[in-house]
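Chain residues, written in single-letter form:
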Amino acid sequence: MAEGSERAIWLRDLGRDYGDRSALAGVDLDLPTGASLAVLGPNGSGKSTLLRVLATLLRPSRGEVSVLGADLPRDAWKLRGKVGYLGHEPLLYEDLTGRENLEFQARLYGIPDDEASGRIDADLERLGMRRRAEYRVSDYSAGMKQRIAICRAVLHRPSLLLLDEPDSNLDPEGREAARSLIGRPADLGWRAESPVTRVAVSHDPGKARAEADQVLELEIGVAP
């Protein structure tokens, strides 16, 4: 169990199995509030699985997990509205426009229409998508979909950002633009009510380490 309000994530002996295969084993972590964590490791080492456990999308098979003071999986409901998750796939509604996807997300989080409109416009502008937001997602390139997914991940101004290879499908201009939304907590162009903590999975160790306060390296079948 986490102790104190200055701890965003606390893991002890975290494990997650898929049948008889262990995807995560013996993971320990103590991440302060407001810090940026880089998660590194080869394919199959459990990086995406770790993020999905922290996002309450997967239940841990064993160990202790505390996220923003909520013990998982028991208190997963307490994290609703506090976590922004960007997965491998954008998972947007293809028949809606980019803006309509974001407006739908805002309604899910109970953000008032006027406030949501201002946030959407500001975030789309930062990512160079304000004019293109009126197009259907089915007409977007992979990079454009990723930009909208990034906007969606931060729309509710979460206290914890969980990012699975956030640079995927982004060109250099897109990666630079995204920094104000999902970069180091100190560089964010928006502010949550509480300090923002960031956990990012990356296959680029050099860039990830440069942006991180802490690094967690996972290995296949080996506890870190």
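Student: Kindly report on the overall build of the protein, identifying the contributing residues and their values.
Tutor: Scanning the protein for helices and strands turns up six helices and nine strands. Expected size for 224 residues packed as a compact globule is a radius of gyration near 17 Å; at 17 Å, the protein falls within 12% of this value. Across its three principal axes, the protein shows a C-alpha extent of roughly 45 × 35 × 30 Å. Burial status across the protein gives 50% buried among its 224 residues. Long-range contacts, defined as pairs at least 24 residues apart, comprise 70% of the intrachain contacts of the protein with a sequence gap of at least 6. Total accessible area on the protein stands at roughly 10,900 Å², and carbon and sulfur atoms take up 46% of it.

Student: Quick one: what's the story with the nonpolar core, residue by residue and with numbers?
Tutor: Leu-124, Leu-127, Ile-150, Leu-181, Ile-182 and Trp-190 are the most contacted members of the largest nonpolar core, which has 33 residues in total. Elements that contribute at least two residues to this core include exactly helix H2 (98-108), helix H3 (113-126), helix H4 (142-154), strand S7 (160-164) and helix H5 (172-182). For this core, the leading source of residues is H4, giving seven residues. Setting aside chain neighbours within four positions, we find Leu-124 in contact with Arg-99, Leu-102, Met-129, Arg-130, Ala-133, Ile-148 and Cys-151. Counting residues in hydrophobic clusters, the runner-up holds 29 residues, among them Ile-9, Val-67, Leu-79 and Leu-162.

Student: Mind laying out the packing of aromatic side chains, listing which residues take part and the relevant values?
Tutor: Evaluated as defined, the whole model comprises one aromatic pair. Note on Tyr-93 and Phe-104: the rings are 5.4 Å apart at their centroids and 90° apart in plane angle, and the pair reads as edge-to-face. Here Phe-104 lies in helix H2 and Tyr-93 lies in the loop between strand S6 (83-86) and H2, a separation of 11 residues in the sequence. Directly above the ring of Tyr-18 sits Arg-16, whose terminal nitrogen or CZ lies 4.9 Å from the centroid.

Student: Describe the sheet that holds strand S3 (residues 36-40), with residues and values.
Tutor: Spatially, five strands are ordered S6-S7-S8-S3-S9 in an open sheet, and the strand pairing comes out parallel. Since the sheet does not close on itself, it has two edges, and those belong to S6 and strand S9 (214-217), each with one partner. Pairs of neighbouring strands in the sheet enclose a mean axial angle of 15°, with direction left out of account. Both S6 and S7 contribute to a ladder of four bridges, which runs parallel. Paired with Tyr-85 across the bridge in S7 is Leu-162. Strand contacts of H4: S6 and S7, with the helix running at about 165° to S6, the strand carrying the most contacts.

Student: Outline the side chain of Ser-45, supporting the account with residue identities and numerical values.
Tutor: Of note, Ser-45 is situated in the loop between S3 and helix H1 (47-54). Residue Ser-45 is classed as buried on the basis of its relative accessible area, which comes to 2%. At a separation of 2.7 Å, a polar atom in the side chain of Ser-45 contacts the main-chain carbonyl oxygen of Pro-42. Non-local contacts of Ser-45, meaning those with residues more than four positions away in its chain, are made with Ala-23, Leu-24, Leu-218, Glu-219 and Ile-220.

Student: I'd like a rundown of H2, residues and numbers included.
Tutor: Buried residues of H2: Gly-98, Arg-99, Asn-101, Leu-102, Gln-105 and Ala-106, and no others. For H2, the buried positions fall inside an angular range of 160° around the axis, keeping them on one side. Residues of H2 that are buried sit in contact with H3 and H4.

Student: Requested: an account of the sheet that holds strand S4 (residues 62-67), with residues and values cited.
Tutor: Pairing between sheet strands relies on hydrogen bonds along the backbone, with the strands arranged either parallel or antiparallel. Judged by pairing direction, the sheet is antiparallel, and its four strands sit side by side in the order S2-S1-S4-S5 without closing on themselves. Every other strand in the sheet has two partners, leaving strand S2 (21-32) and strand S5 (70-72) as the edge strands with one partner each. Here the strands of the sheet are splayed against their neighbours by 20° on average, with no regard to which way each runs. The pairing of S4 with S5 spans three bridges and is classified as antiparallel. Bridge pairing in S5 places Val-65 opposite Leu-72. Lying on the sheet, H1 is in contact with strand S1 (7-18), S2, S4 and S5; it crosses S1 at an angle near 120°.

Student: Can you break down the packing of H4 against H5 residue by residue, with the values?
Tutor: Put simply, H4 and H5 touch, their axes get as near as 10 Å, and they point 5° apart. Judged on the interaxial angle alone, H5 and H4 are roughly parallel. Between H4 and H5, the contacting residues are Arg-147, Ile-150, Cys-151 and Val-154 on the first element and Glu-173, Gly-174, Ala-178, Leu-181 and Ile-182 on the second. Taken together, the residues that form the contact of H4 with H5 break down as six nonpolar, one polar and two charged.

About the thresholds
Every chain is numbered on its own, with residues counted from 1 as its sequence reads. The predicted origin of the model limits local features to residues at a pLDDT of at least 70 and limits the giving and counting of side-chain atom pairs to 80 or more, whereas totals for whole chains, interfaces and linings rest on all residues. Note that water and hydrogens are dropped before the side-chain values are worked out from all heavy atoms of the structure. The numbering of helices and of strands both runs from the N terminus, where a helix is a DSSP run of H or I of at least 4 residues and a strand a run of E of at least 2. For a compact globule the rule gives 2.2 Å times the number of residues to the power 0.38, and the radius of gyration it is set against comes from C-alpha atoms. Only protein chains enter the accessibility calculation, which uses a 1.4 Å probe. A residue is then buried if its area is under 20% of the maximum for its type, exposed if over 50%, and partly exposed in between. What makes two residues a contact is simply this: any of their non-hydrogen atoms within 4.5 Å. Note on areas: Shrake-Rupley, 1.4 Å probe, and residue coverage restricted to the protein chains presented here. We define the nonpolar core as a collection of buried residues of types Ala, Val, Leu, Ile, Met, Phe, Trp, Tyr and Cys that are connected through side-chain atoms lying within 4.5 Å of one another. Working definition: rings of Phe, Tyr and Trp (its six-membered ring) pair if their centres are within 6.5 Å, and the pair is stacked with planes under 30 degrees apart, edge-to-face with planes over 60 apart, and tilted otherwise. By definition, being over a ring means that NZ of Lys or CZ of Arg is both within 6 Å of the ring centre and within 35 degrees of the ring normal. Note on pairing: DSSP must find at least two bridges between two strands before they are called paired. For helices, the fitted line uses only the C-alpha atoms of the stretch in contact; every axis is such a line through C-alpha atoms, and the angle between N-to-C directions lies from 0 to 180 degrees. Pairs of N or O atoms are called polar contacts if they sit within 3.5 Å, as long as, within protein, a hydrogen donor faces a hydrogen acceptor (for residues adjacent in sequence, only side-chain-to-side-chain pairs). Working definition: the arc comes from the directions between the helix axis and the C-beta atoms, pointing outward to the latter. Comment on the angle field: the value is read as roughly parallel under 35 degrees, roughly antiparallel over 145, roughly perpendicular from 65 to 115, and oblique elsewhere. In this classification, the charged set is Asp, Glu, Lys and Arg, the nonpolar set is Ala, Val, Leu, Ile, Met, Phe, Trp, Tyr, Cys and Pro, and all remaining amino acids, among them Gly, are polar.

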